[in-house]
Amino acid sequence: MKARIIITPKKAVVDPQGKTVRSALEHLGYSGIGAVHVGKYLEVELDSADPEAARRQLDEACHKFLSNPIIEDYRLEIE
Amino acid sequence: MRSMEKRRGRGPAKASPAPPASIFDPRVNFAVLQFPGSNCDQDAVHVLRNVLGQSARLLWHKESSLGGTDAVIVPGGFSYGDYLRTGAIARFSPVMQAVQQFAANGGLVLGICNGFQILCEAGLLPGALVRNRSLQFRCEHIFLKTATTDSPFTNRTPADKLLRIPIAHGEGSYFADEATLAELQAKRQILWQYCSAQSELTEESNPNGSLLNIAGVCNERRNVAGLMPHPERASEPLLGSDDGRLVFESMIAALETKHLAPAA
């Protein structure tokens, strides 16, 4: 089993990386680009066979350690 | 930034042991924490010991007790390589559990640069430090305004004096949500702000995009503070400024006058 965790900056936090990437995309001629947000992606390999237990455990870890809820949001996917 | 003093090999630096504690010793007993990747720890010990004549010892991150300490310095550097987020891993080290307890008992704790980031991650200070607005690592002298002298970290700073102190960071942009910012202002927890040479809080004088030009804050109880600038790098005239001394001298004065009962 594997967990995928996507961490993104909260909307209220200024994201200079996202802004710079967006402007670079425009310079390259890509049209229709809205806001860009640069975050982090974590892949966690799990021994557990119980997806619900794994979700509970990783949800706690995301909140406590893997993301900082003051500045970041996270999305947890288990497969 | 690299410390002026070279570290010999890995692991805890072999600093000379703290002088034996004595009830007759009037000096403040500082503990300077040391994480893998700390690099301003020796500078802090040097200033506290050799410039200010206090007792200071290094404390490795695996220690679970602070011993007989009057005040804790969480120094700058790149603890745990800044992996995941600055300060995110250091906050769970054994010594930080002891610092949590020390702070809960009213002990004085000052975080400098990475130390400020660690204290925010640990929840000992409000807010968070994010990537500089410019995306650049900024290493330069800035002007610092002391927003209130009513704290154990600012009580010796003349109200109208600007501090000339260097910064050296890539993630020093202070962020907190609007409710937290309002609370910080109402409770006068903003201690230091970036300003111009004319003491104005301008956009140009803000080196990293910090909200309200915040360079340092304290907790509600006023015994824990953090700032991004490096007072330990500006505590001797030889280095171009000794304004940073005022921060440490304020802590020493606060402990001497027993504004706060030392936490054992």
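Residues numbered from 1 in each chain as written. Chains lettered and ligands numbered in written order. Predicted model: local features only at pLDDT ≥ 70, side-chain atom pairs only at ≥ 80, totals over all residues.

Visitor: Give me the overall build of chain A: which residues, what numbers.
Guide: Looking only at helices and strands, chain A features 2 helices and 3 strands. When the helices and strands of chain A are read in sequence order from the N terminus, they spell out β-α-β-α-β. Structurally, chain A occupies a C-alpha span of about 45 × 25 × 15 Å along its principal axes. Here chain A holds 79 residues, and 14% of them are scored as buried. (Helix = DSSP H or I, 4+ residues; strand = E, 2+ residues; numbered from the N terminus. Buried ≥ 20, exposed ≤ 12 C-beta atoms within 10 Å, placed from the backbone.)

Visitor: Let's hear about the nonpolar core: which residues, and what values?
Guide: Judged by nonpolar contacts, the single largest core of 78 residues is most densely connected at Val32, Val72, Val109, Leu119 and Met251 of chain B. Apart from residues no more than four positions distant in its own chain, Val32 of chain B is found in contact with Asp41, Ala44, Val45, Ala56, Leu58, Leu59, Ile73 and Pro75 of chain B. Core analysis: the second largest hydrophobic core is formed by 6 residues, Ala3, Ile5, Ile7 and Leu66 of chain A among them. (Core = buried A, V, L, I, M, F, W, Y, C linked by C-beta atoms within 7 Å. Contact = placed C-beta atoms within 7 Å.)

Visitor: Account for the sheet that holds strand β2 (residues 40-45) of chain A, with residues named and values stated.
Guide: Residue and element names in this part refer to chain A. Strand order in the open sheet made by the 3 strands is β2-β1-β3, with antiparallel pairing throughout. Each edge of the sheet is formed by a strand with only one pairing partner; in this case those strands are β2 and β3 (72-78). Going from strand to strand, the sheet's axes swing by 20 degrees on average, the running direction of each strand aside. Pairing of strand β1 (residues 2-9) with β3 involves 7 bridges; the strand directions are antiparallel. In the sheet register, Arg4 faces β3, and the bridge partner there is Glu77. Sitting on the sheet, helix α2 (residues 51-66) touches β1, β2 and β3, and the angle it makes with β3 is about 160 degrees. (Pairing = 2+ DSSP bridges. Axes fitted to C-alpha atoms, helices over the stretch in contact; angles between N-to-C directions.)

Visitor: I'd like to hear about the sheet that holds strand β10 (residues 214-218) of chain B, residue by residue, with values.
Guide: Residue and element names in this part refer to chain B. On the basis of which strands lie adjacent, the open sheet formed by 9 strands has the order β2-β1-β3-β4-β11-β10-β9-β6-β7 and mixed pairing. Single-partner strands in this sheet number two, and they are β2 (55-60) and β7 (162-169). Each strand axis lies, on average, 25 degrees off the axis of its neighbour in the sheet, ignoring direction. Both strand β1 (residues 29-34) and β2 contribute to a ladder of 6 bridges, which runs parallel. Pairing of Phe30 across the sheet is with Ala56, part of β2.

Visitor: I'd like a rundown of the confidence of the model for chain B, residues and numbers included.
Guide: Residues and elements named next belong to chain B. Confidence along chain B averages 91 in pLDDT terms, with 88% of residues attaining 70 or more. Long-range and interchain partners of residues 1-10, a stretch whose pLDDT sits below 50, account for 10 contacts in this model, where long-range means more than four residues apart. Scored below 50 in pLDDT, residues 259-264 makes 15 contacts in the model with residues more than four places away or belonging to other chains. Model confidence for the complex: the whole-complex pTM is 0.90, and ipTM, which rates the interface, is 0.90. (pLDDT = per-residue confidence, 0-100.)

Visitor: Lay out the pairing of β7 of chain B with the relevant residues and their values.
Guide: All names here are of chain B. Side chains of β7 alternate between two faces, with Leu163, Ile165, Ile167 and His169 buried and Leu162, Arg164, Pro166 and Ala168 left unburied. In terms of strand pairing, strand β6 (residues 138-146) meets β7 through 8 bridges, oriented antiparallel. Each bridged residue has a counterpart across the sheet, and for Leu144 the counterpart in β7 is Leu163.

Visitor: Give a detailed account of the interface of chain A and chain B, specifying residues and quantitative values.
Guide: Taken together, the contact between chain A and chain B spans 10 residues of the former and 12 residues of the latter. A per-element tally of the side of chain A that touches chain B places helix α1 (residues 16-27) of chain A first, with 3 residues. Considered class by class, the residues forming the side of chain A that touches chain B number 7 nonpolar, 3 polar and no charged. (Nonpolar A, V, L, I, M, F, W, Y, C, P; charged D, E, K, R; others polar.)

Visitor: Any chance you could break down the environment of Leu58 of chain B for me, citing the residues and the numbers?
Guide: Considering the arrangement of structural elements, one finds Leu58 of chain B in strand β2. Residues Leu58 of chain B and Arg222 of chain B lie 164 residues apart in sequence; the distance between their C-alpha atoms is 24 Å.

Visitor: So, helix α5 (residues 245-256) of chain B: which residues are in play, and what are the values?
Guide: Residue and element names in this part refer to chain B. Taking 1.5 Å of rise per residue, the 12 residues of α5 would be expected to cover 16 Å, and the 16 Å separating its terminal C-alpha atoms lies within 8% of that figure. Of all 12 residues in α5, 9 are buried; the element is thus mostly enclosed. The complete set of buried residues in α5 reads Arg245, Leu246, Val247, Phe248, Ser250, Met251, Ile252, Ala254 and Leu255. Turning to α5, the residues buried within the fold contact α1 (41-51), β3 (71-74), β4 (108-112) and β7. (Expected span 1.5 Å × (residues − 1).)

Visitor: Can you tell me about helix α2 (residues 94-104) of chain B, naming the residues and giving the values?
Guide: Residue and element names in this part refer to chain B. When α2 is considered as a whole, its buried residues turn out to be Val95, Met96, Ala98, Val99, Phe102 and Ala103. Buried positions in α2, seen along its axis, are confined to an arc of 155 degrees and lie on one side of it. Those residues of α2 hidden inside the fold are in contact with β1, β2, β3, β4 and β11 (224-227). Just past α2, the residue Gly106 takes up positive phi, approximately 95 degrees. (Arc of directions from axis to C-beta.)

Visitor: I'd like a description of unusual backbone geometry, backed by residues and values.
Guide: All names here are of chain B. The backbone of Asp82 shows a phi angle near 60 degrees, a positive value even though the residue is not glycine. Considering the arrangement of structural elements, one finds Asp82 in the loop between β3 and α2. With 18 C-beta atoms counted inside 10 Å, the residue Asp82 sits in the partly exposed group. A positive phi angle, near 70 degrees, is found at Leu84, a position not held by glycine. Mapped onto the elements, Leu84 comes out in the loop between β3 and α2.

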